[in-house]
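Structural features, examined
What follows is the residue order along each chain.
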Amino acid sequence: MKSNQKIILKEHPKGAIHCGHFAQIEAPYPRLEPNHVILRNHYLSMDSGFRQWMNEDAGDGYLPGMQLGDPVQSIVIGEVIESDNSAYPVSSIVLARTSWEQFSVLDGSDLCSILAVDPSLELYHYAATLGTTGLTAYFGLNDIGQPKAGDTLLVSTAAGAVGSVVCELGKAAGCRVIGMTSSEEKCQWLDTALNVDGRINYNASRPLTEQIAEACPDGVDIFFDNVGGSQLDAALANINSKARIVLCGAMSQYQSDGVEPVYNTWPLITQRARAEGFMFSDYQHQYAAALTEMGAMIKAGTLKSHVSLFKGIESTPQAFTDMMSGKNLGKCMVKL
Ligand SMILES: NC(=O)c1ccc[n+]([C@@H]2O[C@H](COP(=O)([O-])OP(=O)(O)OC[C@H]3O[C@@H](n4cnc5c(N)ncnc54)[C@H](OP(=O)(O)O)[C@@H]3O)[C@@H](O)[C@H]2O)c1
């Protein structure tokens, strides 16, 4: 009989996540409920932001905390294989927030949308640059960062999923792009894969503030912040007048016990700068235009959409823990 393999949360993580926090279970193949659809998931998107909703007593105005024994929440790309919902006919390709499982049952809520898949593009792009990752990069950079040719754009987690797309979009907009990451190997990759104009290893022995000043001699016009804490402090020490700080994520605190403080807010005042947070889901009505633009860039080769690909549901815990510890280059995803 057909089954449904799922990865559940076995233990709430404290500190760094590891594979032992998860377990694989075999559930029965789902039954189609009235007004629902069954999705065969093709790609699971590994998104670092979900880490914080794995903590005990997590949950906020955006998402509920994950419960022990429940399948781990995830953005997925899947295909409708059974439908009792006329809005989602069989064969539709759907982007949804479900979980780490082979088959999902949906009623059309929870970020569910049918994708207008371009047959000349491979499906994996829709779990990466043409999915929530690329949309996050696109709206954060364009709406809040407002890049102009000649601007200096500094990007944290530049070798990761969101960060690498921001670097590529920034280059295409004519910015001078400086990427920050955790090692010399990843700095090399920023050079060869993303063609950045400068790169910074934040684990090097020299103070980060000095390294940024050297890599950005004309100051920072846009800082795309995926990390917060001390990296944000060091970037703020180097901002120009009217700089834009795109508050996208807080990697420095997802696996720590408390919040990572930011001390250096004074330059925001003296430089008349603006720091603004956002969620990609704020822009749902503009997804189609953004995806058309980025799809054209992928076809033209100006957006490479780099991925770190894992295969099989059983590889999902490893994929997620590798991504959280920075082993990924570009978007980390699992192909089922
Ligand atoms: N606002 C939104 O709507 C939205 C949507 C999606 C994602 N995001 C945010 O975007 C950011 C990137 O997410 P992603 O899913 O694309 O992940 P990712 O960048 O592909 O992977 C996470 C990266 O974080 C870095 N990292 C890990 N631990 C760190 C630590 N303690 N301090 C600093 N950096 C650390 C590692 O890169 P290095 O080796 O380079 O340090 C790792 O590769 C996250 O902050 C996420 O919350 C925001």
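Note that this is a predicted model, so its numbers are computed, not measured. (Residues numbered from 1 in each chain as written. Predicted model: local features only at pLDDT ≥ 70, side-chain atom pairs only at ≥ 80, totals over all residues.)

1. Remarks on unusual backbone geometry
Spelled out, the test is: Runs of E in the DSSP output that reach at least two residues are strands. Runs of H or I that reach at least four are helices, and both are numbered from the N terminus.
For Asn 35, which is not a glycine, the phi torsion comes out positive at approximately 65 degrees. Relative to the helices and strands, Asn 35 resides in the loop between strand 2 (22-28) and strand 3 (37-45). A positive phi angle, close to 85 degrees, is found at Ser 91, a residue other than glycine. Tracing the backbone shows Ser 91 in the loop between strand 4 (73-83) and strand 5 (93-99).

2. Points about the domain arrangement of the protein
Put simply, the test is: For the purposes of this description, domain bounds are those given by an automatic or database domain assignment. Contacts here follow a simple rule: the backbone-placed C-beta atoms of the two residues must lie within 7 Å. When residue character is reported, Ala, Val, Leu, Ile, Met, Phe, Trp, Tyr, Cys and Pro are called nonpolar, Asp, Glu, Lys and Arg charged, and the others, Gly included, polar.
According to the domain assignment, the protein contains domain 1 (3-128 + 305-335) and domain 2 (137-279). Taking the mean C-alpha position of each, domain 1 and domain 2 sit 28 Å from one another. Contact with domain 1, which involves 17 residues of that partner, is made by 12 residues of domain 2. For the side of domain 1 that touches domain 2, the per-class residue count stands at seven nonpolar, eight polar and two charged.

3. Here we look at the site of the ligand
How we decide: A residue counts as near a molecule or strand when its C-beta atom, positioned from the backbone, falls within 6 Å of it.
Looking at the ligand, there are 29 residues lining it, with Gly 160, Ala 161, Ser 182, Gly 249 and Gly 326 nearest. Of all the secondary-structure elements, those providing two or more residues to the shell around the ligand are helix 1 (132-145), helix 2 (161-172) and helix 6 (251-254). Each of domain 1 (3-128 + 305-335) and domain 2 (137-279) gives at least three residues to the shell around the ligand.

4. Points about helix 8 (residues 287-300)
Note the threshold: For a helix, the expected span equals 1.5 Å multiplied by the number of residues minus one. Exposure criterion: with C-beta atoms placed from backbone coordinates, a residue whose C-beta has 20 or more other C-beta atoms within 10 Å is buried, one with 12 or fewer is exposed, and one in between is partly exposed. The directions considered for the arc are those from the helix axis to the C-beta atoms.
Helix length check: helix 8 (14 residues) gives 20 Å between terminal C-alpha atoms against 20 Å at 1.5 Å per residue, within 8%. Those residues of helix 8 that fall on the buried side of the exposure criterion are Leu 291, Met 294, Gly 295 and Ile 298. Buried residues in helix 8, looked at end-on, bunch into an arc of 110 degrees, giving them a common side. Along helix 8, exposed side chains directed more than 90 degrees from the buried face belong to Ala 289, Ala 296 and Ala 300. Check the buried side of helix 8 and you find it contacts helix 1. Count one or two residues on from helix 8 and you reach Gly 301, which has phi positive near 85 degrees.

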